[in-house]
Amino acid sequence: MRSNFSVQVYTQIMLFTTLNKLSIWFSHHSAFSGYFEPVIQRVKPAWRQGLYRAQVLNVTKAIGDFVHITLQPQHQWKAHKAGQHIELTVELNGRLLTRIFTIASSPQQYVKDKTITLVIKTNELGRFTPQLADELIINSWVNISAAQGDFVFQQVNKPLETPTVMIAGGSGITPMMSMLSEHLSTANNPVYLRYIAPLNEHQFVENLALLAKEHPYFTFDLMTRSEHESQPLTLLAKSDVYCCGPQGLMFDIEALSKDTGANFYQEYFSLAPTFNDDSAAKIDITVTLNGKVFTASNQQNLLIQLESQNAPVIRGCGIGVCHQCHFTKKSGLVKNLLTGDVSDSGEQIIQLCISKPLSDLEMSI
Amino acid sequence: MTQMNYEQFAQELDAIKQNTMAKVGKKDADYIRRVIRWQRYCGWTGRLMLLTGLIHPALWVVGILLLATSKILDNMEIGHNVMHGQYDWMNDKHINSQSYEWDIACDGKSWNRVHNFEHHTYTNVIGKDRDFGYGLLRLSSDFKWRVKNLWQFITYINLSLLFQWGIAYHELAAERVFFGKKKDGRDQRVPHSELKHRFFSKASRQIIKDYVFFPLIAGPLFLWVLVGNLIANLLRNLWTSTIIFCGHFTEHVHTFTEASIENETRGQWYYRQALGSSNIQGGKGFHLMTGHLSFQIEHHLYPDLPSSRYQEVAPQVQAVFKKYQLQYNTGSFLTQYSGVLKRIFKYSLPNAA
């Protein structure tokens, strides 16, 4: 039986390797599925090689410019661990835009009804989030990646006197919500959540109240930033401290945890980069190119600046015509010097000779 | 030439591009995916129909035509345009200028350097744009006459038949990788070893695909498939070569000297693109099959504007040309092609002025 099974697996692997080799040689795509992608999309909308599909079941606007999106991933998608995030790819007016979001719902919910929920703060200036609420049509399809990330609940028995403390800032509530819904029923020590957000922008207020009612060991405070600052936290040694929010908040809590000897766990999320498009004001910018760090400013195009530091860039026409100097920008903002357009902050191909950086950039060939 | 306001000319042409790019979106993404789908349908139906030659030879002929159509769509409307970066804004993993590789002997990376950079930047600048005559044909009086130009019509026919090999070898010929004296002062952008490796790697895969792999899996129909693939490749070569020759070598296109492009402004660059290119009139299907190179003028003004928009911008470009009294070089296929032939014959002889 066993040997039969491995022969089967082996044949399957051999078959796929051969097919992919043939695809690379003859169809110039890493797999035939990529070569046939537009054809497959006729049958399965938004089908993309290497990504999962998910159907939009519900989109609701919530207070504080938040959008709650319920998705039903295709059944091959593996349940996340509470606290993990996914990459969400949506086609908005022909453009595929990708952003990372933490799943706010629990793995239990996924097991129960095969859905996951994202809670997204919309940023008026962004290219992605403001359009989500209006352009995501119920029953349309989007793409998601496998769940990833190691900001997850530590499943160890903790003594009663060392409470678990969670500090969430703004949309940093999402991983906490997922962890609370998943793990409160099995937690054997007190859990306290401090949720900091502008007045009337707290999400899940009813759900939190319900959880507190069901689980006497769970307490929470909804605070504004000034309330949080006027009521300093006290932590106990060996407590588990989870923090997700703006960088400043996480720095403070990390320092506090260190001082008291608590275990600190954090999830970093980057807000949409802010930029100043006034070229009179010189901004120093860091450009990471295939892992190597270069410096730049918003005063000149990227090609000239990177060339002067002997970065591995290729010069072509220098006037935005030939696309020899293009690079894949992973994150950050650039301004197109020909059109004056400011780019999206996500991944896209840019031409260095006509791009001026406006924020820190991460790029790869 | 009367004094022309190049700056204003550039602004007006820039405005057309900006207004059009602002409209680019889902419609254009759907368009290129639709073309890719039809390319796949034609190609695979064609390859299957090559096997039905035993039932009736006419089916085999249809198979060849479908396969040739699919190769033309892949090279012209999809490959050439996607590799220009026209669809990079879609952020699609497969449909972009960094990853697209086409079904032709020429290595895509080499094409990007020679075509997108050299040809599109230095269009019709004698000595800089090797596409002007491909180093084989004398197509203007800027070139010294040589005896071999007497039979350059035959050379042209051979180039057309073997067109995919001509463009595959184009960069290696310019770089004197195999033959000829190495030119001094020419900086090697890419090591010759890499040029050679990529040339042989792509070429051998293309040969193995059409003349070994597919014929072999056809078993007893080996020859039907082999000959079918050969004819389909020839048809593609003839078609692409013919269309491309109509883009720059028609009767009235201008050539430029290296000195004339020193410190060239954007307006002057536009001006050179405008006079160095020529369009072909035709229907929608014709434009599709030429990869919209029938809008060569618009393509040269805006190489990275999605091909799905060339038909739309053409009247606007024509209006600007009229305003500046520039010749908008267009005509029927027959007019333009006979212009090409005239040019080839005219400069065969030494006394052409």
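Keep in mind that what you see is a predicted model, and the values were worked out from it rather than measured.

Focus on the nonpolar core
Move 1: Leu118(A), Ile144(A), Ala168(A), Met176(A) and Cys243(A) are the most contacted members of the largest nonpolar core, which totals 127 residues.
Move 2: The biggest single contributor to this core is helix α3 (residues 57–83) of chain B, with 11 residues.
Move 3: Residue assignment places this core across two domains, with domain 2 (45–144) and domain 3 (164–267) of chain A each supplying three or more.
Move 4: Excluding residues within four positions of it along the chain, Leu118(A) makes contact with Ile69(A), Leu71(A), Leu88(A), Phe101(A), Ile103(A) and Ala104(A).
Move 5: If you look at the next biggest cluster of nonpolar residues, it comprises 18 residues, including Ile285(A), Phe327(A), Ile354(A) and Met363(A).

Here's the deal with the packing of α3(B) against helix α8 (residues 222–248) of chain B
Residue and element names in this part refer to chain B.
Move 1: Direction vectors running N to C along α3 and α8 enclose 45°, while the axes themselves pass 8 Å from each other. By the angle class used here, α3 and α8 are oblique. Between α3 and α8 lies a crossing whose hand is right-handed. Residues Trp 60, Gly 63, Ile 64, Leu 67, Ala 68, Lys 71, Ile 72, Asn 75 and Met 76 of α3 form the contact with α8, whose participating residues are Trp 224, Gly 228, Ile 231, Ala 232, Asn 233, Leu 235, Arg 236, Trp 239 and Thr 240.
Move 2: Residues that form the contact of α3 with α8 fall into these classes: 11 nonpolar, five polar and two charged.

Regarding the domain arrangement of chain A
Move 1: Partitioning chain A into domains gives domain 1 (2–33), domain 2 (45–144), domain 3 (164–267) and domain 4 (284–364).
Move 2: Here domain 1 of chain A and domain 4 of chain A have C-alpha centroids that lie 38 Å from each other.

Concerning the sheet that holds strand β14 (residues 326–331) of chain A
Residue and element names in this part refer to chain A.
Move 1: Taken together, the five strands give an open sheet; going across it, the order is β13-β12-β18-β14-β16, and neighbouring strands pair in mixed fashion. Each end of this open sheet is capped by a strand with a single partner; those strands are β13 (292–297) and β16 (348–351). Between one strand and the next, the sheet's axes are offset by a mean angle of 40°, whatever the strand orientation.
Move 2: Two elements, strand β12 (residues 284–289) and strand β18 (residues 361–364), share three bridges in a ladder whose sense is parallel. When the bridges of β18 are listed, Leu 289 appears paired with Met 363.

A closer look at the interface of chain A and chain B
Move 1: Each partner contributes to the interface: chain A provides 27 residues, whereas chain B provides 32 residues.
Move 2: Mapped by element, the contributors of at least two residues to the side of chain A that touches chain B are α1 (2–27), α3 (37–43), β4 (95–102), β14 and β16 of chain A.
Move 3: Per element, the largest residue contribution to the side of chain A that touches chain B is four residues, and it comes from α3(A).
Move 4: In terms of residue class, the side of chain A that touches chain B is built from 11 nonpolar, 12 polar and four charged.

A short note on the confidence of the model for chain B
Residues and elements named next belong to chain B.
Move 1: On average, residues of chain B carry a pLDDT of 93, and 96% of them reach 70 or more.
Move 2: Mean pLDDT across the secondary structure elements of chain B bottoms out at helix α6 (residues 163–174), with 91, and peaks at helix α2 (residues 26–49), with 98.
Move 3: Scored by ipTM, the complex comes to 0.90, with pTM at 0.91.

Focus on the sheet that holds strand β3 (residues 85–92) of chain A
The pairing of strands in a sheet comes from backbone hydrogen bonds and takes either a parallel or an antiparallel form.
Residue and element names in this part refer to chain A.
Move 1: Taken together, six strands build an open sheet; the order of strands is β4-β3-β6-β1-β2-β5 and the sheet is antiparallel. Both outer strands of the open sheet, β4 and β5 (116–121), are each paired with one neighbouring strand and no more. Adjacent strand axes in the sheet meet at a mean angle of 35°, parallel and antiparallel pairs treated alike.
Move 2: Direction of pairing for strand β1 (residues 52–62) relative to strand β2 (residues 66–73): antiparallel, over a ladder of eight bridges. Following the sheet pairing, Ala 62 is matched in β2 by Phe 66.

Remarks on unusual backbone geometry
Trans peptide bonds make up most of the peptide bonds, and negative phi angles are found at most residues other than glycine.
Residues and elements named next belong to chain A.
Move 1: We note that Asp 65 has phi near 60°; this positive angle belongs to a residue other than glycine.
Move 2: For Asp 65, the location among the structural elements is in the loop between β1 and β2.
Move 3: A tally of 15 C-beta atoms within 10 Å means that Asp 65 is categorised as partly exposed.

Description of the packing of α2(B) against α3(B)
Residue and element names in this part refer to chain B.
Move 1: At a closest axis distance of 7 Å, the pairing of α2 and α3 adopts a crossing angle of 150°. Between α2 and α3, the angle is such that the two are roughly antiparallel. Viewed along their axes, α2 and α3 form a crossing whose handedness is left-handed. Touching Val 35, Ile 36, Trp 38, Gln 39, Cys 42, Gly 43, Thr 45, Gly 46, Arg 47 and Met 49 of α2 are Leu 59, Trp 60, Val 62, Gly 63, Leu 66, Leu 67, Thr 69, Ser 70, Leu 73, Asp 74, Glu 77 and Ile 78, all from α3.
Move 2: Split into classes, the residues belonging to the contact of α2 with α3 amount to 12 nonpolar, seven polar and three charged.

Examining the pairing of β18(A)
Strand residues, when the strand is regular, have side chains that alternate between the two faces of the sheet.
All names here are of chain A.
Move 1: Side-chain alternation along β18 places Leu 361 and Met 363 on a buried face and Glu 362 and Ser 364 on a face that remains uncovered.
Move 2: Two elements, β14 and β18, share three bridges in a ladder whose sense is antiparallel. Bridge pairing in β18 places Thr 328 opposite Ser 364.

Criteria and thresholds
Residues numbered from 1 in each chain as written. Chains lettered and ligands numbered in written order. Predicted model: local features only at pLDDT ≥ 70, side-chain atom pairs only at ≥ 80, totals over all residues. Core = buried A, V, L, I, M, F, W, Y, C linked by C-beta atoms within 7 Å. Buried ≥ 20, exposed ≤ 12 C-beta atoms within 10 Å, placed from the backbone. Helix = DSSP H or I, 4+ residues; strand = E, 2+ residues; numbered from the N terminus. Domains from an automatic or database assignment. Contact = placed C-beta atoms within 7 Å. Axes fitted to C-alpha atoms, helices over the stretch in contact; angles between N-to-C directions. Parallel < 35°, antiparallel > 145°, perpendicular 65-115°, else oblique. Left-handed = near helix turned anticlockwise from the far one by under 90°. Nonpolar A, V, L, I, M, F, W, Y, C, P; charged D, E, K, R; others polar. Pairing = 2+ DSSP bridges. pLDDT = per-residue confidence, 0-100.

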